[in-house]
Amino acid sequence: MSAASCLRSEDQFLCSICLDVFTDPVTTPCGHNFCKNCISEHWNSNDQYLCPLCNKVFNIRPELYINTLLSEMVSHSSEQQAAKPGEVPCDVCTGTKLKALKSCLVCLTSYCETHLEPHLTKSVLKRHQLMDPVENLEDRMCMKHDKPLELFCKTDQTCVCMLCSVLDHKTHEFVPLKEEYEGKKAELGKTEAEIQEMIQKRRLKIEEIKHSVDLSKEAADREKAEGVQVFTALKESVERSLNELIEMIEEKQRTTEKQAEDFIKELEQEISELKKRSSEVEKLSHSEDHLHLLQNFPSLKAAPPTKDWTEVSVRPSSYEGTVVKAVAQLEETLSKQMKKLYEAELKRVQQYAVDVTLDPDTAYPDLILSDDEKQVYHGDMRKNLPDNPERFSVCCCVLGKQSLSSGRFYFEVQVKEKTEWDLGVARESINRKGQITASPEDGYWTIWLRNGNEYKALAGPSRRLSLQSPPQKVGVFVDYEEGLVSFYDVDAAALIYSFTGCSFTEKLYPFFSPCLNDSGKNSAPLIICPVNQTV
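Everything numeric in this text was worked out from a predicted model, so none of it was measured.

Caption draft 1: Seen up close, the overall build of the chain. The helix and strand tally for the chain stands at nine helices and 24 strands. Structurally, the chain occupies a C-alpha span of about 170 × 105 × 35 Å along its principal axes. Relative to its full complement of 535 residues, the chain shows a buried share of 31%. Within the chain, counting contacts between residues at least 6 apart in sequence, those at least 24 apart form 56% of the total. For the chain, the exposed area adds up to about 34,000 Å²; of that, 53% sits on carbon and sulfur atoms. In the chain, the 65 positive side-chain charges and the 85 negative ones have mean positions that sit 2 Å from each other.

Here it is in structure tokens:
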């Protein structure tokens, strides 16, 4: 079948009304074919029954019959699928573009099954190079020689045609496209595997982040619930204390009012008796009956017996100190509640305990470290040690070996029997030579004890700390992302001080200074203790 005949046969499958492939083709008496629905609607919308192609008029509406042969031909043609989005369409098809089966690198054309037939049957066309259908066939031709790109120049890393290999790249190394394709395909396989591994790692990271969010939400919900419980209890305690205060004041007032009412009632009774006696005396004094007056005079000459009210008084109730006492009781209740909160908080931070040991490479030469690197004190004697960059040269300090650059950590240090000490954390880049200034600006977040009773947070400027009792064991907690460094009195389960809103950008190390021996007064060591999480 020739290409022209293919085009003609294809046109014969098109309805002249809808210009699309026949659907239920029918034939009119004049021999023309239409879709059954197209011709029916055409006649329904016109006054005359005429053929749209030859204009033949029918006096009565003709009866339409299915064109069986044409239906079979359309059905066979429709077995070839129309090109879908993303698929290569046939360049020869008119109307509905069918899906291309092959592309010809010589013709630079893509063909469906029908239009491909000449390339499969004609001897001249059989020599053409066919390939799986692709778009933009021009891109597969050498722009300079108008020949198919069949070789790969390894020297220039580009695709070339046969003429290029002879003329422009004759000294270069060539391989067939297929060979280079296989190599690049293998590389792409490795790349795909690497990409899939990266995707998997990121999916795991997503799950990790989601899990962190879930943990954060659980912690937030737990903290909110605890906060509601605590503040509800505090609110109830305050309301209860207020009600008790008001009730006590009102009870005092009621007692005073009752006492006054009793006195008034008693006085009113005496007044009534006195008025009665006054009336009798007045009546008798006006009597003209000598005998009657003399007979009743003895009983009326004196006032009736009454109470001596001279020293009797109602003293207003005293309320001085009542409110102060109630507030003091409330403060005691709040203090107990705060202690419970600090105990709970200390338990939580103790979960992040790490096993801290001292780093001898950072220790000031006068310091003595225990064999297990858990204790340090000032030895009053300088050891001959190398002055490495990590070592403190003037101040008697030492760092821990363990560092933190994310997350949280906690450790505890016994400071019992010491009169002076420094504790906290320091960033990696701190100055270790010469005198140092312990402040957050210089990379130190520490507290200290001086003179046995002077506690300060070295917050730049320093802040004096008022502690109820000297701590025997100090807990140090760091939350890197939160920018938090907190110090606790472990035995009292009380917060000593917190540095908040810190900005950490380097590794942080535990920082210790046992301070000078002071002629034996401060000879006790700082001791890194195991954390007892059952406190």
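Caption draft 2: Structural detail: the nonpolar core. Membership of the largest hydrophobic core comes to 48 residues, with the highest contact counts inside it found for Phe392, Trp421, Phe499 and Phe512. One finds Cys15, Phe34, Cys38 and Phe58 within the second-largest nonpolar core, a separate group that totals 12 residues.

Caption draft 3: Summary view of the environment of glycine 407. You can see glycine 407 is positioned in the loop between strand 14 (398-399) and strand 15 (408-414). Between the alpha carbons of glycine 407 and tyrosine 480 there is a distance of 5.5 Å; along the sequence they are 73 residues apart. Residue contacts for glycine 407: discarding those within four places in its chain leaves Val478, Asp479, Tyr480 and Glu481.

Caption draft 4: Molecular detail of the packing of helix 7 (residues 177-285) against helix 9 (residues 322-350). Across the interface, helix 7 lies against helix 9 with an axial gap of 10 Å and an inter-helix angle of 165°. By the criterion of interaxial angle, the relationship of helix 7 to helix 9 is roughly antiparallel. Judged by the twist between their axes, the crossing of helix 7 over helix 9 is right-handed. Contact residues: helix 7 offers Glu223, Glu226, Val230, Leu234, Ser237, Val238, Ser241, Leu245, Met248, Ile249 and Lys252, while helix 9 offers Thr322, Val323, Ala326, Leu330, Thr333, Leu334, Gln337, Leu341, Ala344 and Arg348.

Caption draft 5: Spotlight on the state of the cysteines. Under the counting rule described, the total for this entry stands at zero disulfides. Left without a disulfide partner, cysteine 153 is nearest to the cysteine sulfur of cysteine 164, which lies 9.2 Å away. According to the relative accessible area criterion, cysteine 153 is buried, its value standing at 0%. The structure places no disulfide on cysteine 161, whose sulfur is separated from the nearest cysteine sulfur, that of cysteine 164, by 3.5 Å.

Caption draft 6: Examining the side chain of threonine 357 more closely. In this structure, threonine 357 sits in the loop between helix 9 and strand 12 (367-369). Once residues lying within four places of it in the same chain are set aside, the contact partners of threonine 357 are Asp372, Glu373, Lys374, Gly400, Lys401, Gln402 and Ile528.

Caption draft 7: Inspection of a nonpolar patch on the surface at higher detail. Taken together, the side chains of Leu163, Val166 and Leu167 present a nonpolar region at the surface, about 260 Å² in accessible area. Note that leucine 163 resides in helix 6 (residues 162-167).

Caption draft 8: Spotlight on the sheet that holds strand 18 (residues 454-457). A sheet is described by the order of its strands in space; here six strands give the open sequence 14-23-16-17-18-19, paired in antiparallel fashion. Looking at the sheet topology across the chains shown, the edges are occupied by strand 14 and strand 19 (463-465). As paired elements, strand 16 (residues 421-427) and strand 23 (residues 508-513) share six bridges and run antiparallel to each other. Looking at strand 23, one finds that leucine 423 is bridged to phenylalanine 512.

Caption draft 9: Inspection of the pairing of strand 15 at higher detail. Of all the seven residues making up strand 15, five are buried; the element is thus mostly covered by neighbouring parts of the structure. Note that strand 15 and strand 20 (residues 473-479) share seven bridges and pair antiparallel. Bridged to arginine 408 within strand 20 is aspartate 479. As paired strands, strand 15 and strand 24 (residues 526-529) are joined by three bridges and run antiparallel to one another. Residue pairing across strands places glutamate 412 opposite cysteine 529, the latter belonging to strand 24.

Rules behind the numbers
- Residues numbered from 1 in each chain as written.
- Predicted model: local features only at pLDDT ≥ 70, side-chain atom pairs only at ≥ 80, totals over all residues.
- Heavy atoms only, no water.
- Helix = DSSP H or I, 4+ residues; strand = E, 2+ residues; numbered from the N terminus.
- Buried < 20%, exposed > 50% of the residue type's maximum accessible area, 1.4 Å probe, protein only.
- Contact = heavy atoms within 4.5 Å.
- Areas by Shrake-Rupley, 256 points an atom, 1.4 Å probe, with all protein chains shown as cover.
- Lys, Arg positive; Asp, Glu negative; His and termini not counted.
- Charge placed at Lys NZ, Arg CZ, Asp CG, Glu CD.
- Core = buried A, V, L, I, M, F, W, Y, C linked by side-chain atoms within 4.5 Å.
- Axes fitted to C-alpha atoms, helices over the stretch in contact; angles between N-to-C directions.
- Parallel < 35°, antiparallel > 145°, perpendicular 65-115°, else oblique.
- Left-handed = near helix turned anticlockwise from the far one by under 90°.
- Disulfide = S-S within 2.5 Å.
- Patch = residues over 30% accessible without salt bridge, like charges linked within 9 Å, V, L, I, M, F, W, Y side chains within 5 Å.
- Salt bridge = Lys/Arg side-chain N within 4 Å of Asp/Glu carboxyl O.
- Pairing = 2+ DSSP bridges.

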